[in-house]
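Residues per chain, in single letters:
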Amino acid sequence: MTGFCWGGGQTFRFATNRGDLAAAFAFYGPPPDKDSMARIKAPVYGFYGGNDQRINSTIPATKDSMKELGKTYEPTIYDGAGHGFMRAGEAPDANEANVKARTEAWARLKELMRK
């Protein structure tokens, strides 16, 4: 399952309720609470813009919680990119960081989906 922004948070949350989910790909969305994380069975892959401190501030605690619970959580932060870089990175006037993040995130998503 893949989601973006609010949908990224919902993707992460959905993983707490769907035991047969193969993987969750959360793009710049907030995590569920730690108690809910305990129910996650699928790997969770995070995609985050480096300039998105609101969401990025949740990453260290999420990494610690998921590790403590024995869950797979692999966040990647794309330097200089903002929240919503997948959409912003395709705009005609997109900044270089958003274009680069979008390109790299798209390649990462496709590679992870081949696993």
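All values derive from a computational prediction rather than experimental measurement. (Residues numbered from 1 in each chain as written. Predicted model: local features only at pLDDT ≥ 70, side-chain atom pairs only at ≥ 80, totals over all residues. Heavy atoms only, no water.)

## Comments concerning unusual backbone geometry
- Even without being glycine, C5 reaches a positive phi, approximately 60 degrees.
- Tracing the sequence through the fold places C5 in the loop between β1 (2-4) and α1 (6-14).
- According to the relative accessible area criterion, C5 is partly exposed, its value standing at 34%.
- Unusually for a residue other than glycine, Y28 sits at a positive phi of about 40 degrees.
- Relative to the assigned elements, Y28 resides in the loop between β2 (24-27) and α2 (34-37). (Helix = DSSP H or I, 4+ residues; strand = E, 2+ residues; numbered from the N terminus. Buried < 20%, exposed > 50% of the residue type's maximum accessible area, 1.4 Å probe, protein only.)

## Points about helix α4 (residues 59-68)
- Taken residue by residue, α4 has I59, T62, S65 and M66 as its buried positions. Buried positions in α4, seen along its axis, are confined to an arc of 130 degrees and lie on one side of it. Residues D64, K67 and E68 are exposed on α4 and point more than 90 degrees away from its buried face.
- Against the buried residues of α4 lie α1, α2, β3 (44-49), α3 (53-56) and β4 (73-78).
- Positive backbone phi, approximately 75 degrees, marks G70, located one or two places after α4. (Arc of directions from axis to C-beta. Contact = heavy atoms within 4.5 Å.)

As far as function goes, none of this settles anything; it's purely spatial.
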